[in-house]
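Report on the structure
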Amino acid sequence: NIVERFGGKVIFWGLSEAPLIYQDKVIATAGGEKGLVVALDKRTGATIWASRPLRYQRTHAFGRGPLPKPRPETARASYASPILVELGGKHLVIGCASEQLYCVDADTGELYWSQPMPTRWEVLGVTPALWRDAVFATGPDGYGGKMFRIFVRDDRVLCQELWRTSLDTCHGGVVVVGDRLFGSWYRGPRGWG
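One structure accompanies this document, and this report is about it. (Residues numbered from 1 in each chain as written. Predicted model: local features only at pLDDT ≥ 70, side-chain atom pairs only at ≥ 80, totals over all residues. Heavy atoms only, no water.)

As for the sheet that holds strand β4 (residues 47–50)
The line we're drawing: Strand pairing follows a simple DSSP-based rule, namely that at least 2 bridges must link the two strands. By definition, any uninterrupted DSSP run of H or I lasting at least four residues is a helix, any uninterrupted run of E lasting at least two residues is a strand, and each is numbered from the N terminus. In this analysis, axes come from line fits to C-alpha atoms, helices being fitted only over the stretch in contact, and the angle between any two N-to-C directions falls in the range 0 to 180 degrees.
With respect to topology, four strands assemble into an open sheet ordered β1-β2-β3-β4, the strand pairing being antiparallel. The sheet terminates laterally at β1 (20–22) and β4, the two strands that pair on one side only. Adjacent strand axes in the sheet meet at a mean angle of 30 degrees, parallel and antiparallel pairs treated alike.

In structure tokens form, the structure reads like this:
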């Protein structure tokens, strides 16, 4: 039970990401005080590594509008499955937690970066989509999506926001076809974008 083991909380609809298998590891988003992302031995379940927890400032109260005073929170798991990416000689896990897109080293668990992805209900249910050396993430309720270029410099993994869109996919995912991204609208104009 990764929630109990790593000090997390069960989110509203329960943990529903697909764990990632990499070499001898099962990698999952625990979203807890003892680790944001964890790697367990796929045969024994023993902890191989746990990334540091991810902290952020909560600014909204689950659809009830802005908080009068933002408060610090530990990022929880989301509903989106993480992806494995190889860039610059590094194996990276990119996924979502609460209102964050994160990047973790698949071999060591080092948390390289996180990017805010605010949503009205703190629901990120769309698996990030890789396009060349960039990753796209989106969330529902009018905050839209962002494309980030990922690059390795001096053994550090960095990201740079390239562009934003109003596409607010909540369910069903986003796919890359050639040089285009396709996803469904949620609160936006409905249909495909």
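Considering the sheet that holds strand β11 (residues 129–131)
Reading across the sheet, the four strands line up as β11-β12-β13-β14 and stay open at both edges, with antiparallel pairing between neighbours. The sheet terminates laterally at β11 and β14 (156–165), the two strands that pair on one side only. In this sheet, adjacent strand axes meet at a mean angle of 30 degrees when their direction is disregarded. By the bridge criterion, six bridges tie strand β12 (residues 134–139) to strand β13 (residues 144–153) in an arrangement that is antiparallel. If you follow threonine 138 over to β13, its bridge partner there is glycine 145.

A closer look at the layout of surface pockets
This is how the line gets drawn: A cavity here means a set of 1 Å grid points, computed over protein atoms only, where a 1.4 Å probe fits but cannot escape. A pocket is an open set with protein on both sides within 12 Å along at least 5 of 7 lines, and lining residues have an atom within 4 Å of a point. Grid points are joined across faces, edges and corners, and a volume is the space filled by probe spheres set on the points. Three classes are used, and their members are as follows: Ala, Val, Leu, Ile, Met, Phe, Trp, Tyr, Cys and Pro are nonpolar, Asp, Glu, Lys and Arg are charged, and the others, Gly among them, are polar.
The calculated volume of the largest pocket comes to roughly 370 Å³. If you trace the largest pocket, you find 19 residues lining it, with Phe12, Trp13, Tyr79, Trp121 and Val123 closest to the centre. For the lining of the largest pocket, a count of residues per class yields 11 nonpolar, four polar and four charged.

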